Structure formats: structure tokens, C-alpha cells
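Notes for the structure review
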Amino acid sequence: MKTLYVNAAVRSGSRTAELAREVLGHLGGDVTEIRPHECGFPVADEGFLAKRDKACAAGNLSGEMFSAARQFAQADTIVIAAPFWDLSFPAALKQYFEQINVVGLTFTYRDGRPVSLCRAKRLFYVTTAGGRIFSAEYGFGYVRALAESFYGIGECVMFSAERLDEYGFDADAAMEQAKHEIGVYFSRQG
Ligand SMILES: Cc1cc2nc3c(=O)[nH]c(=O)nc-3n(C[C@H](O)[C@H](O)[C@H](O)COP(=O)(O)O)c2cc1C
């Protein structure tokens with residue numbers, strides 16, 4: 001099984017990455033990591049879009065600009081580590097999605113609707129927050145919508161630990177609880 005680990009956690013002591021490693025440990029298999037914030041993706045300006053449209057129109061999808069999309073399409077399982085930033089996730093992760101949303105590689109259109117070209121059937125979204133995640137719609141909710149409608153990934157699961165930066169809150173206990181929940185989830189998968 002090939003797992004793609006999209007690690008958008010930027011801090012060296014990241015608690016989000018700590019939970020993601022827990023998920024990866026349960027999954028086993030081959031893991032390839034990509035760190036969107038270290039990829040130096042080009043800004044999706046007019047020139048970039050024109051270059052990409054030209055390559056797509058010519059059916060030339062083997063270039064370096066499509067390597068992240070090819071990698072995503074070929075993975076069996078996706079694990080995303082995304083700290084809760086500004087009610088959502090780091091902008092580098094959005095840039096990553098801009099890079100991998102390629103017609104003809106990760107999805108295509110039939111009768112005007114997106115149809116997946118990806119192998120993955122499972123996506124795990126791991127996040128931690130300083131406060132409460134009172135709405136997951138702009139983080140996990142967005143990724144799930146994308147995964148379900150474009151990439152055909154039916155099983156999208158979020159694992160989270162909240163309130164980690166709250167004064168007096170037992171962050172260690174919250175992390176242990178999240179790890180416990182991850183363990184319970186995988187023990188039920190058999
Ligand atoms: C740029 C930035 C934005 C953040 N925005 C929020 C936020 O909107 N809500 C919140 O509860 N915590 C917010 N936090 C706190 C982080 O969610 C929290 O510290 C998280 O555990 C960081 O994950 P990490 O340990 O993986 O880096 C923010 C932190 C940073 C650095």
C-alpha cells in the first residue's frame with residue numbers, strides 16, 4: 001500500500017505532525033512525504049495558468065509541473081497533517097491543491113461533472129488547534145468536499161486535538177486522548 005503524507009505542519013515540534021505519525025504508524029506500508037511549504041510551488045498567476053492549459057491541451061502531462069498531481073493520483077491512501085490556522089489550514093496546502101487539481105491527471109469531466117482519476121479511497125485529515133475548532137467547515141470540510149467530488153475518495157476521516165494553547169488546559173492529556181481515538185478507529189478497521 002502506498003501512502004502519500006502531505007505534511008503541511010511547519011513547526012519542528014509540531015503536534016499535528018505528531019498525531020499524523022500516529023496515523024501513519026497504524027497504516028504501515030510505503031510512505032512518501034511531501035511538504036507543501038518547502039516545494040516552492042509557482043504562484044498560480046496568468047502566466048502559470050497559460051503554461052498549464054497549453055500543456056494540458058497538448059496532452060503533455062509528463063512534465064515536472066505535474067509531478068505532485070501524478071504522485072497524488074497514484075497513492076492508495078492520503079494522510080494530511082494540517083494545523084488549524086485562521087479557521088482553516090496553512091496557505092501552502094491550498095497552493096498544493098492548486099498544483100494537483102489537473103484535468104486529465106487527478107480528475108476529468110464527464111457530462112460536466114468531475115470524475116476521479118485517483119486511486120485513493122481513504123483520506124485522513126489530521127489537525128490540532130490552539131483553541132476550539134468551533135467550525136471545521138473551512139479546513140476539513142473543504143478538503144472533504146474536494147476529496148469526495150474531484151478525487152472520488154469516499155472515506156474521509158478527521159482526527160484532531162483542540163485547545164492545546166489554552167492557559168491551564170492539559171494539552172498532553174488532549175494529545176493522548178487523540179492518539180487513543182486514532183487507535184480505536186484503526187482497531188475497528190480490523
Ligand atoms: C498562523 C497561525 C494561525 C493560527 N490560527 C488559529 C485559529 O484560528 N484558531 C485556533 O484555535 N488556533 C490557531 N492557531 C494555533 C494553532 O492551531 C495551534 O498552536 C496548533 O496546535 C499548531 O499546530 P502545530 O503544533 O502542529 O504547529 C494558529 C497558529 C498559527 C501559527
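Preceding this section is the structure that the text describes.
1. Some remarks on the environment of Ala68
Here Ala68 lies in helix H3 (residues 67-74). Classification of Ala68 as buried rests on a relative accessible area of 8%. The sequence separation of Ala68 and Thr3 amounts to 65 residues, and the corresponding C-alpha distance is 14 Å. Contacts of Ala68, omitting those with residues within four sequence positions, involve Ile34, Tyr96 and Ile100.

2. Examining the sheet that holds strand S1 (residues 2-7)
The 5 strands are arranged S2-S1-S3-S6-S7 in an open sheet whose pairing can be described as parallel. Each edge of the sheet is formed by a strand with only one pairing partner; in this case those strands are strand S2 (30-34) and strand S7 (155-161). Ignoring strand direction, the axes of neighbouring strands in this sheet form an average angle of 20°. In the packing of helix H6 (residues 171-189) onto the sheet, contacts are made with strand S6 (122-128) and S7, and the angle to S7 comes to roughly 155°.

3. Things to note about helix H2 (residues 46-57)
Taking 1.5 Å of rise per residue, the 12 residues of H2 would be expected to cover 16 Å, and the 16 Å separating its terminal C-alpha atoms lies within 8% of that figure. For H2, the set of buried residues is Phe48, Arg52 and Ala55. The arc that holds every buried residue of H2, seen down its axis, measures 60°, which confines them to one face. Summarising the geometry of H2, the exposed residues directed more than 90 degrees from the buried face are Glu46, Asp53, Lys54 and Ala57. Residues of H2 that are buried make contact with helix H4 (91-100). Once H2 ends, the next one or two residues include Gly59, with phi positive near 70°.

4. Points about the packing of helix H1 (residues 15-27) against H6
For the pair H1 and H6, the least separation of the axes is 10 Å and the interaxial angle reads 20°. As far as their axial angle goes, H6 and H1 are roughly parallel. Here the hand of the crossing between H1 and H6 comes out right-handed. Side by side, H1 and H6 meet where Arg15, Glu18, Leu19, Glu22, Val23, His26 and Leu27 of the first sit next to Met175, Ala178, Lys179, Ile182, Gly183 and Phe186 of the second. Here the residues of the contact of H1 with H6 sort into 7 nonpolar, 2 polar and 4 charged.

5. Looking at the site of the ligand
In the vicinity of the ligand, 14 residues are found, and the nearest of them are Arg11, Ser14, Thr16, Phe84 and Asp165. A distance of 2.9 Å separates an oxygen atom of the ligand from a polar backbone atom of Arg15. In the model, an oxygen atom of the ligand is placed 2.6 Å from a nitrogen or oxygen of the Asp165 side chain. Coverage of the ligand by the protein amounts to 74% of the 630 Å² it exposes when considered alone.

Calculation rules
Residues numbered from 1 in each chain as written. Predicted model: local features only at pLDDT ≥ 70, side-chain atom pairs only at ≥ 80, totals over all residues. Heavy atoms only, no water. Helix = DSSP H or I, 4+ residues; strand = E, 2+ residues; numbered from the N terminus. Buried < 20%, exposed > 50% of the residue type's maximum accessible area, 1.4 Å probe, protein only. Contact = heavy atoms within 4.5 Å. Pairing = 2+ DSSP bridges. Axes fitted to C-alpha atoms, helices over the stretch in contact; angles between N-to-C directions. Expected span 1.5 Å × (residues − 1). Arc of directions from axis to C-beta. Parallel < 35°, antiparallel > 145°, perpendicular 65-115°, else oblique. Left-handed = near helix turned anticlockwise from the far one by under 90°. Nonpolar A, V, L, I, M, F, W, Y, C, P; charged D, E, K, R; others polar. Near = heavy atom within 4 Å. Polar contact = N/O pair within 3.5 Å; in protein donor to acceptor, adjacent residues only side chain to side chain. Areas by Shrake-Rupley, 256 points an atom, 1.4 Å probe, with all protein chains shown as cover.

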